[in-house]
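This is what each chain is made of:
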Amino acid sequence: MTAPLGQSKPIVVPVALGDRTYDIVIGRGLLASLGERINTLRPGVRVAIVTDETVAAHHLPATETALKAAGIDSARILVPAGEGSKNYATFEKVCEAIIAARVERNDLIVALGGGVIGDLAGFAASCARRGLDFVQVPTTLLAQVDSSVGGKTGINSRQGKNLIGAFHQPTLVIADTALLDTLPKREFRAGYAEVAKYGLLGDAAFFAWLEKNWQDVFTGGPAREHAIAVCCRAKAGIVARDERETGERALLNLGHTFGHALEAGCGFSSRLLHGEAVALGIALAFEFSAKKGLIAASDAARASTHLAAVGLPTHLTDVSGGIPTVDVLMDLIAQDKKVRRGSLTFILVRGIGQAFIEKNVDAAEVRAFLTDKLK
């Protein structure tokens, strides 16, 4: 938190996983070094770039140029933009394209895009030819601070978000903060929900810093890179201690139990972006914690006030087109990956920066809470 903001060199954050340790490299203009960095890791490889049509228009030519300058041959695999691509049909298409491109076991997949592409390409890499290594080049704020790090890959089921997938760590993450300049404001705001999450779950000082400096994060420059680095260090530490989410890593799901249910209930559509669902889920988690007497109402209000100030949804009525019924939401919550033997698990809080795992949460209590929030 107290690191100097005037950072000129790239910030390197290691994810310590023994012989699978990899670096997250954060800085402006890093895409041009992609080929050189890949050659250092894996000389002589061939690469398949998985990206979506929107990202391709902005960043695919520069990516291919960086690889070509380093003597790396590449194939391109394009999929439609949006959460709808995280499905069986697109997963099959990507796997078949990887094989058709004659990508071999010692070659690499490059995931060039946001969280959808990282999850989809990473899952395809984990399965094609029984496992290929991959590099994450996240192009959204959400992906740079969260989804590109830690090895969670997957696609959505009709029954819920990210229910089919694998833990498959990347070999390198290149977080070029200049790529965020092309993001629509709504997408950047949605990604900021994950930034705020790190302060709210375990770093009260960072959350206080965000309350004062969030506008500078949006503008760009050292504050943005600093915030991304703080988030990546926090996640890297948690992943190193609990790679497969058997304990502490579940804390990173603050806001996600409510959020995933809302996102699925809205059909994984543009009505509610993932980061917007997380913001709404965080607000609900804080309010639910307050209702249970775990925190003061003022703490819940402080969290919601900050998210709302940024322009994120914090009330169920903020969702365009309305949300599903309580019955539908409860069915979706019951499919959450943290459910054990039918018992609900939530990430709740005892204060700003004090998240904890609450097991065996009473479903009737959750239902009553949601019913009250929908009045």
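Cut-off values and rules
Residues numbered from 1 in each chain as written. Predicted model: local features only at pLDDT ≥ 70, side-chain atom pairs only at ≥ 80, totals over all residues. Heavy atoms only, no water. Helix = DSSP H or I, 4+ residues; strand = E, 2+ residues; numbered from the N terminus. Contact = heavy atoms within 4.5 Å. Buried < 20%, exposed > 50% of the residue type's maximum accessible area, 1.4 Å probe, protein only. Pairing = 2+ DSSP bridges. Right-handed = clockwise from strand over helix to strand, strands pointing away. Core = buried A, V, L, I, M, F, W, Y, C linked by side-chain atoms within 4.5 Å. Axes fitted to C-alpha atoms, helices over the stretch in contact; angles between N-to-C directions. Parallel < 35°, antiparallel > 145°, perpendicular 65-115°, else oblique. Left-handed = near helix turned anticlockwise from the far one by under 90°. Nonpolar A, V, L, I, M, F, W, Y, C, P; charged D, E, K, R; others polar.

Visitor: How should the environment of Leu60 be read in this particular structure?
Guide: When you line up the elements, Leu60 lands in helix H2 (residues 53-69). Once the C-alpha coordinates of Leu60 and Ile238 are considered, the two residues, 178 residues apart in sequence, prove to be 32 Å apart. When neighbours within four sequence positions are excluded, Leu60 is seen to be in contact with Ile49, Thr51, Val55, Arg76, Leu78 and Leu112.

Visitor: What exactly am I supposed to notice about the pairing of strand E4 (residues 74-79) here?
Guide: Residues in a regular strand project their side chains so that they alternate between the two faces of the sheet. Burial along E4 is one-sided: Ala75, Ile77 and Val79 are buried, and none of Ser74, Arg76 and Leu78, which face the opposite way, are. Judged from the six bridges that link them, strand E3 (residues 47-52) and E4 form a sheet pairing that is parallel. Looking across to E4, one finds that Val47 is bridged to Ser74. Viewed along the sheet, the connection from E3 through H2 into E4 turns out right-handed.

Visitor: Help me understand the nonpolar core in this model?
Guide: Core analysis: the biggest nonpolar cluster contains 57 residues, and Ile26, Tyr192, Val195, Phe206, Leu254 and Phe286 have the highest contact counts within it. Looking at which element gives the most residues to this core, the answer is helix H8 (residues 222-241), with ten residues. Sequence-distant contacts of Tyr192, defined by excluding residues within four places in its chain, comprise Leu141, Leu210, Trp214, Phe218, His306, Val310 and Leu312. Judged by nonpolar contacts, the second largest core, of 28 residues, contains Leu280, Ile323, Val361 and Val366.

Visitor: Even after reading the chapter, I still don't get the packing of helix H6 (residues 185-202) against helix H7 (residues 204-219), so can you show me in this structure?
Guide: Between two packed helices, both the angle of their axes relative to each other and the distance between the axes serve to describe the pair. The interhelical angle for the contact between H6 and H7, taken along N-to-C directions, is 160 degrees, at an axis separation of 7 Å. In terms of axis orientation, H6 runs roughly antiparallel to H7. Classified by chirality, the crossing of H7 by H6 is right-handed. Counted together, Phe188, Arg189, Tyr192, Val195, Ala196, Tyr198, Gly199, Leu200 and Gly202 of H6 and Ala204, Phe206, Phe207, Leu210, Trp214, Val217 and Phe218 of H7 form the full contact between these two elements. Looking at side-chain class alone, the contact of H6 with H7 contains 13 nonpolar, two polar and one charged residues.

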